[in-house]
Structure formats: structure tokens, C-alpha cells
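# Summary of the model geometry
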Amino acid sequence: MNKLSILNEFWDFLKVRKKWWLTPIILFLLLLGILIVLTEGSALAPFIYTLF
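Residues numbered from 1 in each chain as written. Predicted model: local features only at pLDDT ≥ 70, side-chain atom pairs only at ≥ 80, totals over all residues. Heavy atoms only, no water.

### Focus: the overall build of the protein chain
In terms of regular secondary structure, the protein chain is built from three helices and zero strands. Going from the N terminus to the C terminus, the protein chain shows its helices and strands as α-α-α. Looking at the 52 residues of the protein chain, the share that counts as buried comes to 10%. Accessible surface, the protein chain: about 4,800 Å² in total, of which carbon and sulfur atoms supply 75%. (Helix = DSSP H or I, 4+ residues; strand = E, 2+ residues; numbered from the N terminus. Buried < 20%, exposed > 50% of the residue type's maximum accessible area, 1.4 Å probe, protein only. Areas by Shrake-Rupley, 256 points an atom, 1.4 Å probe, with all protein chains shown as cover.)

Below, the structure is given as C-alpha cells:
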């Protein structure tokens, strides 16, 4: 099973079950994860972590 099929299955779940309120939560968690990964080794890391 590849990552694209998981995204397709999640999209189908949202359409069938009408769980649109999950979309902003998932997007926020993805953006937060990307922010943490990208700033992990930089000099900005201490400043990012103090925000949370």
C-alpha cells in the first residue's frame, strides 16, 4: 500500500462520512509537523519551541 492510496482512502472517507471538520485539524497537524522538521537543526529552533 503506497502513501497515495492512503490519501485517496482518507479523501473517500471524508466524502462518504461527511467529516469535513477533520480537514482543518489534519492540515494544521501536517503544517506543524513540517515546521518542526524543517527547523529542527537550525538556529531558529529555540525560538520556534518557545511559541508552543
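### Here's the deal with a nonpolar patch on the surface
A grouping of F10, F13, I26, L27 and L30 is seen on the molecular surface, where their side chains present a nonpolar patch of about 420 Å² in accessible area. Listed by contribution, the elements that provide at least two residues to the nonpolar patch are helix 1 (3-17) and helix 2 (22-38). Tallying contributions element by element places helix 2 first for the nonpolar patch, with three residues. Mapped onto the secondary structure, I26 falls in helix 2. Residue classification places I26 among the partly exposed positions, given a relative accessible area of 33%. (Patch = residues over 30% accessible without salt bridge, like charges linked within 9 Å, V, L, I, M, F, W, Y side chains within 5 Å. Salt bridge = Lys/Arg side-chain N within 4 Å of Asp/Glu carboxyl O.)

### Considering the confidence of the model for the protein chain
Of the residues in the protein chain, 81% reach a pLDDT of 70 or more, and the chain-wide mean stands at 80. Within the protein chain, the lowest mean pLDDT, 70, falls on helix 3 (residues 45-51), and the highest, 86, falls on helix 2. (pLDDT = per-residue confidence, 0-100.)

### Concerning unusual backbone geometry
For K18, which is not glycine, the phi torsion reads 60° and is therefore positive. With respect to the helices, strands and loops of the structure, K18 is situated in the loop between helix 1 and helix 2. Given a relative accessible area of 59%, K18 falls into the exposed group.

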